[in-house]
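# Coordinate inspection notes
Below are the chains, spelled out letter by letter.
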Amino acid sequence: NAGVTQTPKFRVLKTGQSMTLLCAQDMNHEYMYWYRQDPGMGLRLIHYSVGEGTTAKGEVPDGYNVSRLKKQNFLLGLESAAPSQTSVYFCASSYSMTYEQYFGPGTRLTVT
Amino acid sequence: GEDVEQSLFLSVREGDSSVINCTYTDSSSTYLYWYKQEPGAGLQLLTYIFSNMDMKQDQRLTVLLNKKDKHLSLRIADTQTGDSAIYFCAESKGNAGNMLTFGGGTRLMVKP
């Protein structure tokens, strides 16, 4: 099992550009999450999904959109990137709400 | 302010015990977690404790929970250089989405 994988690992965007981050899991987990990690701060939840076709807002959803068309994939989109979105983005998945969250290796995004 | 707070940095000598502290504000937290993040990697769950427990031991790890003071600690016995990492505590209510609220992380440096 690959666990949770994220694509790409690194990306540099110019302000106003768009991109999509892909998260994939092969553990048949229902729940998937997108977090961002900024220096000196813990991870903050952007959006999450409790199953295929469902999404919900987390703590810091503004400027991001997500989709969960397939159970194993959770996409995070930035329609018009801003420097404030420079961060490391982590995806996670879990079997259910009381089970451990498994994290991907992260995507480092820089917006100039 | 932050819901979950941790000190930024801890330095210990190899073989000593490390104690990483965390305070939280939400008394309705159901689960409390300790995650480890090694450089360039995602978060790995080390251990967790239910809010109705006072202590949990798992090999070299001991978690202590003081609900009255809303204080959580992680003790690592016989600390090794491989324990050098950032340690995050997190809380959740175990509700829909199992959203985790993370502290800012404590960087543990183990000197040989």
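Because the structure is predicted, anything quoted here is derived from the model rather than measured. Along every chain, residues carry numbers that run from 1 in the direction the sequence is written. Both sets of labels track the order of writing: A upward for chains, 1 upward for ligands. Per-residue local features are limited, in this predicted model, to residues with pLDDT of at least 70; the limit for side-chain atom pairs, both in listing and counting, is 80 or more; totals at the level of whole chains, interfaces and linings are taken over all residues. Computation of side-chain values covers all heavy atoms of the structure but excludes hydrogens and water.

### Section: the confidence of the model for chain B
Overall, the predicted model of chain B reaches an average pLDDT of 90, with 94% of residues at or above 70. In the model of chain B, strand β10 (residues 101-102) of chain B stands out as the element of lowest mean pLDDT, 88, in contrast to strand β2 (residues 9-13) of chain B, which has the highest, 97. Per-residue confidence from the prediction method is given by pLDDT, with values spanning 0 to 100. Strands here are runs of E lasting at least two residues and helices are runs of H or I lasting at least four, both read from the DSSP assignment and numbered beginning at the N terminus.

### Topic: the nonpolar core
Nonpolar cores were defined as sets of buried Ala, Val, Leu, Ile, Met, Phe, Trp, Tyr and Cys residues, with membership established by side-chain atoms within 4.5 Å. The classification of residues rests on relative accessible area computed with a 1.4 Å probe and restricted to protein chains. Under 20% of the type maximum is buried, over 50% is exposed, and intermediate values are partly exposed. Ranked by internal contacts, the top residues of the largest apolar core, which has 20 residues, are Y35 and F103 of chain A together with Y35 and F102 of chain B. If you list the elements that add at least two residues to this core, you get β4 (31-37), β5 (43-49) and β9 (87-94) of chain A together with β4 (31-37), β5 (43-50) and β9 (85-92) of chain B.

### Some points on the sheet that holds strand β1 (residues 4-7) of chain A
Residue and element names in this part refer to chain A. Following DSSP output, two strands are said to pair if at least two bridges run between them. Taken in spatial order, the 4 strands make up an open sheet running β1-β3-β8-β7, and their pairing is antiparallel. Edge positions in the open sheet fall to β1 and β7 (65-67), since each of these has one partner strand only. Taking each pair of neighbouring strands and ignoring which way they run, the sheet shows an average axis angle of 20°. Simply put, an axis is a line fit to the C-alpha atoms, just over the touching stretch for a helix, and the angle between two N-to-C directions goes from 0 to 180 degrees.

### Focus: the pairing of strand β3 (residues 18-24) of chain B
Residue and element names in this part refer to chain B. Side-chain alternation along β3 places S18, I20, C22 and Y24 on a buried face and V19, N21 and T23 on a face that remains uncovered. Sheet topology places strand β1 (residues 4-6) next to β3; 3 bridges connect them, and they run antiparallel. Across the sheet, residue V4 finds its bridge partner in β3, namely Y24. Where β3 and strand β8 (residues 71-76) come together, 6 bridges link them in antiparallel fashion. Within β8, the position partnered with N21 by the bridge is S73.

### Some points on the state of the cysteines
All names here are of chain B. Put simply, a disulfide is two cysteine sulfurs that come within 2.5 Å. Under the defined criterion, the tally for this structure stands at 2 disulfides over all chains. A disulfide bridge connects C22 with C89, and the sulfur atoms are separated by 1.9 Å. Between C22 and C89 the sulfur-sulfur dihedral comes to about 60°; the bridge is accordingly right-handed. Of this pair, C22 sits in strand β3 while C89 sits in strand β9, and the two are 67 residues apart along the sequence. You can call C22 buried: its relative accessible area is 1%.

### Here's the deal with the pattern of salt bridges
By convention in these notes, a salt bridge is any Lys or Arg side-chain nitrogen within 4 Å of a carboxyl oxygen on Asp or Glu. As enumerated under the stated definition, the model contains 6 salt bridges over all chains in all. Here R44 of chain A makes a salt bridge to D38 of chain A, at a shortest N to O gap of 2.7 Å. Residue D38 of chain A is classed as buried on the basis of its relative accessible area, which comes to 10%. Note that K68 of chain B is salt-bridged to D69 of chain B, the shortest N-O span being 3.7 Å. Residues participating in the shared-partner salt-bridge network are R36, D38 and R44 of chain A.

### What about the interface of chain B and chain A?
Where the parts come together, the accessible area they lose is often given as the size of the interface. Whether two residues touch is decided by their heavy atoms; if any such pair falls within 4.5 Å, the residues are in contact. Across the contact, 20 residues belong to chain B and 21 residues belong to chain A. Buried area adds together the accessible area that both of two parts lose upon being put together, with accessible area traced by a 1.4 Å probe. Surface buried jointly by chain B and chain A totals about 1,600 Å² across both partners, of which 57% is contributed by carbon and sulfur atoms. On the surface where chain B and chain A come into contact, there are 0 salt bridges. Whenever a nitrogen or oxygen atom comes within 3.5 Å of another N or O atom, the pair is scored as a polar contact, on the condition that within protein one atom can donate a hydrogen and the other can accept it, and that pairs from neighbouring residues in sequence are kept only if both atoms are in side chains. Taken together, the links from chain B to chain A amount to 2 residue pairs in polar contact (both at pLDDT 80 or more). Put simply, the parts of the chain that give the side of chain B that touches chain A at least two residues each are β4 and β5 of chain B. With 3 residues, the single largest contributor to the side of chain B that touches chain A is β4 of chain B. Residue polarity follows a fixed list, in which Ala, Val, Leu, Ile, Met, Phe, Trp, Tyr, Cys and Pro are nonpolar, Asp, Glu, Lys and Arg are charged, and the others, Gly among them, are polar. Partitioning the side of chain B that touches chain A into residue classes produces 10 nonpolar, 9 polar and 1 charged.

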